[in-house]
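# Secondary and tertiary structure notes
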Amino acid sequence: MPESARRSVVRIIIVLLAVTVAPAAAQQWKPTKPVELVVGSAPGGSPDVMARLIQTIFQKTNLVPTSAVVNKPGAANTIGWAYLNQHAGDGHYIATFSPAVIGNKLMGTSQLDYTDFTPLNILAREYVVFAVKADSPVTSLKDLTARLKKDSQSVSFAFATARGNHNHIVLSMYLKSIGIDPKTAKAVVFPGGGPAQTAMLGGHIDVYVASPRSMVPLQKEGRARILAISAPQRQTGAKADLPTFRELGHDAVFFTWRGFMGPRGLKAPEIAYWDQVFAKVAQSEEWRKDAEQQMWVVDYTLSAETRKHLDREYEVLKTVLTDLGLTKPYTKE
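Computed from a predicted structure; not experimentally measured.

Moving on: the overall build of the chain. Broken down by element type, the chain carries 11 helices and 11 strands. Based on the C-alpha atoms only, the size of the chain along its principal axes is roughly 65 × 50 × 35 Å. Counting all 333 residues of the chain, 54% fall into the buried class. By sequence separation, contacts in the chain at least 24 residues apart represent 78% of the contacts at least 6 residues apart. For the chain, the accessible surface area stands at approximately 14500 Å², while carbon and sulfur atoms represent 53% of it.

Once that is clear, we can look at the sheet that holds strand β3 (residues 93-97). The strand order across the open sheet built from 6 strands is β2-β1-β3-β10-β4-β11, with neighbouring strands paired in mixed fashion. Edge positions in the sheet fall to β2 (67-71) and β11 (297-301), since each has one partner strand and no second. Put simply, the sheet's adjacent strands are angled 20 degrees from each other on average, direction ignored. Across 7 bridges, strand β4 (residues 118-126) lies against strand β10 (residues 256-262) in antiparallel orientation. What sits directly across from Ala124, in β10, is Arg258.

In this section: the environment of Glu221. Among the secondary structure elements, Glu221 is positioned in the loop between α8 (212-220) and β9 (224-229). Sequence separation between Glu221 and Ala134 is 87 residues, and the spatial gap between their C-alpha atoms is 9.7 Å.

As a packed pair, helix α6 (residues 166-177) and helix α11 (residues 303-323) sit with axes 10 Å apart at the nearest point and diverge in direction by 70 degrees. Judged by the inter-axis angle, α6 sits roughly perpendicular to α11. Here α6 contributes Ile169, Ser172, Met173 and Lys176 to the contact with α11, which in turn contributes Val316, Leu317, Val320 and Asp323. Looking at the contact of α6 with α11 residue by residue, the class counts come to 5 nonpolar, 1 polar and 2 charged.

What follows covers the pairing of strand β1 (residues 35-39). One face of the sheet, then the other: side chains in a regular strand alternate in exactly this way. The buried count for β1 comes to 5 of 5 residues, which makes it a mostly enclosed element. Strand direction decides the pairing type here: β1 and β2, joined by 5 bridges, are parallel. The residue of β2 that forms the bridge with Val35 is Ser67. Read as a crossover between parallel neighbours, the route from β1 over helix α2 (residues 46-61) to β2 is right-handed. Bridge analysis of β1 against β3 gives 3 bridges, and the strand direction is parallel. Each bridged residue has a counterpart across the sheet, and for Val38 the counterpart in β3 is Ala95.

Within this structure, the stated rule accounts for 13 salt bridges. For Lys60, the salt bridge goes to Glu286, with nearest N and O atoms at 3.2 Å. Of the two residues, Lys60 is situated in helix α2 and Glu286 in helix α10 (residues 285-294); the sequence distance between them amounts to 226 residues. Taking the relative accessible area as the measure of exposure, Glu286 reaches 26% and is therefore partly exposed. Taking the shortest distance from any N to any O, the salt bridge between Asp135 and Lys133 comes out at 4.0 Å. Residue classification places Lys133 among the partly exposed residues on the basis of a relative accessible area of 27%.

Relative orientation of the contacting elements helix α7 (residues 193-201) and α8 amounts to 30 degrees, with a least axis distance of 12 Å. For α7 against α8, the interelement crossing comes out right-handed. Two secondary-structure elements touch here, α7 through Gln197, Met200 and Leu201 and α8 through Ser214, Met215 and Leu218. Among the residues making up the contact of α7 with α8, the classes are represented as 4 nonpolar, 2 polar and no charged.

Let us look at the side chain of His309. Among the secondary structure elements, His309 is positioned in helix α11. Overall, His309 belongs to the buried group, its relative accessible area being 10%.

Now for unusual backbone geometry. A cis amide bond, omega 5 degrees, links Ala160 with the succeeding residue Thr161. Topologically, Thr161 is positioned in the loop between β6 (156-160) and α6. Residue Ala76 is not a glycine yet carries a positive backbone phi of 50 degrees. Assessed through its relative accessible area of 35%, Ala76 is described here as partly exposed. Within the chain, Asn77 stands out as a residue other than glycine whose phi angle is a positive 80 degrees. Looking at the element boundaries, Asn77 is found in the loop between β2 and α3 (78-84).

Cut-off values and rules
- For every chain, the first residue of the written sequence is number 1, and numbering continues from 1 along that sequence.
- Selection of residues for local features in this predicted model requires a pLDDT of at least 70, selection of side-chain atom pairs for listing and counting requires 80 or more, and totals for whole chains, interfaces and linings are taken over all residues.
- Note that the side-chain values use all heavy atoms of the structure and ignore hydrogens as well as water.
- Runs of E in the DSSP output that reach at least two residues are strands. Runs of H or I that reach at least four are helices, and both are numbered from the N terminus.
- Relative accessible area decides the class of each residue, using a 1.4 Å probe on protein chains only: under 20% of the type maximum gives buried, over 50% gives exposed, and in between gives partly exposed.
- Whether two residues are in contact is decided by their heavy atoms, any of which lying within 4.5 Å being enough.
- Here the accessible surface of atoms and residues is derived via Shrake-Rupley with a 1.4 Å probe, and residues count as covered only by protein chains that are part of the display.
- Two strands are counted as paired when DSSP detects at least two bridges linking them.
- What counts as an axis is a line fitted to C-alpha atoms, over the stretch in contact for a helix, and the angles between N-to-C directions run from 0 to 180 degrees.
- Any angle that is under 35 degrees is reported as roughly parallel, and any over 145 degrees as roughly antiparallel; angles of 65 to 115 degrees are reported as roughly perpendicular and all others as oblique.
- Classification convention: Asp, Glu, Lys, Arg as charged; Ala, Val, Leu, Ile, Met, Phe, Trp, Tyr, Cys, Pro as nonpolar; all other residues, Gly among them, as polar.
- If the strands point away from the viewer and the path from the first strand over the helix to the second runs clockwise, then the crossover is right-handed.
- The term salt bridge refers to a pairing of a side-chain nitrogen on Lys or Arg with a carboxyl oxygen on Asp or Glu at a separation within 4 Å.
- Helix crossings are classified by the rotation of the near helix relative to the far one: an anticlockwise turn of less than a right angle makes the crossing left-handed, while a clockwise turn makes it right-handed.

See the structure below:
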């Protein structure tokens, strides 16, 4: 059975188990006040978009009677996540999360990591693409590789919004695969995707490392060219014609996850409630349409499997961030 088909079967089984087994436990707890969906970044980014899509589904289906999106931007999500953990053991507070929940502590910018929270689920994965301006002299990933091997400083890269994030991780994986020290990359970090994209389209930056949803439309308009995507195999839909790094001979497979976690100390009844709720969200047609529009890949995991995924990702991120020279112990200022 192909890997994609096997994963689909596993997801179906997980959702069925959540829907049929969790209700008995979930009946022991349900929200008695408005639920806060905490986002550790400003409105408009992928985490905020996901939170608002989920809130809309909550409202339309009455899965969660009352909820609100609360933005707490700053310090690479740390402010939002610190706010989440001010409500230890309270299932009325959940937050979006990403690889930064591992990377921040590894890089010494936070004393919190995923072990300080209650991982609840992964709802979707988002891959990373390399893109160039349509008339760029860099016409393919093969061309990019040749240029970098000749002079590693001859190509500039841009990404948002912080060093060590998923965009930087894929860039590091690619550079390492062609024998270039990732620490030496000519990389510029922008405070947001908009300015980085503008810099690429204006010819000020050679390669933009970004999400498919920001670049596929530009490729269709003839304004940009996507060189590769960090998926393990070819995708479907709007991403079907994008070659993968792997098929082009480079070990650069990675995705940022889109999901939710709760504060530390959540008990089994609260976890069971959220397992049940998000299992229903994951199998809803509205969520699948929303995810497809955002060019995410639906990949639902329950709380227990999500924790195992984070354990595995910790080892991956530790290696990559060490290659980038970014790992260091947390020190309080």
